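# Residue-level structural notes
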Amino acid sequence: DAGVTQSPTHLIKTRGQHVTLRCSPISGHKSVSWYQQVLGQGPQFIFQYYEKEERGRGNFPDRFSARQFPNYSSELNVNALLLGDSALYLCASSLALAGFYNEQFFGPGTRLTVL
Amino acid sequence: TQLLEQSPQFLSIQEGENLTVYCNSSSVFSSLQWYRQEPGEGPVLLVTVVTGGEVKKLKRLTFQFGDARKDSSLHITAAQPGDTGLYLCKATDKLIFGTGTRLQVFP
């Protein structure tokens with residue numbers, strides 16, 4: 001079975017532009033979470049979606065938004081890109097809301113570089 | 001804001017050495033997970049600890065959850081180059097990751 005897939009793998013944008021990152025969860029998983037990982041640091045939680053509804057949000061500005069589609073895939077959108085948005089963006093899927101009884105499985109990430 | 005502080009931040013050792021990584025917080029957690037992340041990949045779950053004082057072993061890796069469920073440790077015996085990676089603790093229900101420990105094991 002395919003794991004979590006993310007596209008694109010790499011992306012280069014300039015300041016002020018907009019970006020859309022995509023994630024396809026493991027088949028049967030209904031929850032998707034997004035994380036931002038700056039080089040050498042631990043991932044920081046951005047959003048969690050379950051059954052197409054936002055169920056959790058981290059401490060990120062309104063420039064960050066996301067949605068989940070009926071097939072449970074998800075998009076992360078970032079507007080007005082800043083240099084500090086350069087990072088690896090990870091998507092994780094789980095059967096239901098992530099927690100002890102629902103393990104998260106991570107994709108390989110999208111490496112975003114903002115110039 | 002709840003924080004999970006890991007120490008050390010970096011660790012560079014020779015094959016065969018032992019090491020311990022620590023994950024500390026001022027908050028109590030219902031459960032805590034440890035992940036390993038290799039370059040170009042997402043984190044992969046190693047273990048979940050739930051009960052205060054719990055010890056779990058995974059081959060050469062030993063994980064312990066503190067009695068007060070505020071801290072955890074990961075001990076690796078006889079490290080191998082294949083252990084190289086970024087080790088992350090995570091508060092399971094809060095989706096908060098630790099600051100990370102980058103381990104490099106040289107042959």
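Structural notes, computed from the coordinates. (Residues numbered from 1 in each chain as written. Chains lettered and ligands numbered in written order. Predicted model: local features only at pLDDT ≥ 70, side-chain atom pairs only at ≥ 80, totals over all residues. Heavy atoms only, no water.)

### Some remarks on the pairing of strand β9 (residues 85-91) of chain B
Residues and elements named next belong to chain B. Of all seven residues in β9, seven are buried, a share of seventy percent or more. Here strand β4 (residues 32-37) pairs with β9 via six bridges, running antiparallel. Paired with Arg36 across the two strands is Tyr87, which belongs to β9. As paired strands, β9 and strand β11 (residues 101-106) are joined by three bridges and run antiparallel to one another. In the strand pairing of β11, Gly85 is matched with Leu103. The antiparallel hairpin formed by β9 and strand β10 (residues 96-97) contains four residues in its connecting segment, where Leu95 sits at a positive phi of about 55°. (Buried < 20%, exposed > 50% of the residue type's maximum accessible area, 1.4 Å probe, protein only. Helix = DSSP H or I, 4+ residues; strand = E, 2+ residues; numbered from the N terminus. Pairing = 2+ DSSP bridges.)

### Re the state of the cysteines
All names here are of chain B. Counted under the stated rule, the structure contains two disulfides over all chains. One disulfide in the model links Cys23 with Cys89; its S-S distance is 2.1 Å. Taking the sign of the S-S torsion, 80° for the link of Cys23 and Cys89, the bridge is right-handed. On the criterion of sequence distance, the pair formed by Cys23 in strand β3 (residues 19-24) and Cys89 in strand β9 is long-range, its members being 66 residues apart. (Disulfide = S-S within 2.5 Å.)

### A closer look at the interface of chain A and chain B
At the junction of the two partners, chain A supplies 19 residues and chain B supplies 20 residues. Summing both partners gives a buried area of about 1,400 Å² for chain A against chain B, and 60% of it is carried by carbon and sulfur. In this structure, the connection of chain A to chain B is made through zero salt bridges. Between chain A and chain B we count four residue pairs in polar contact (both at pLDDT 80 or more) in total. Of all the secondary structure elements, the ones that give two or more residues to the side of chain A that touches chain B are β4 (31-37), β5 (44-50) and β9 (87-94) of chain A. It is β4 of chain A that contributes the most residues to the side of chain A that touches chain B, three residues altogether. Residue classes in the side of chain A that touches chain B are distributed as nine nonpolar, nine polar and one charged. (Contact = heavy atoms within 4.5 Å. Buried area = accessible area lost by both parts, 1.4 Å probe. Salt bridge = Lys/Arg side-chain N within 4 Å of Asp/Glu carboxyl O. Polar contact = N/O pair within 3.5 Å; in protein donor to acceptor, adjacent residues only side chain to side chain. Nonpolar A, V, L, I, M, F, W, Y, C, P; charged D, E, K, R; others polar.)

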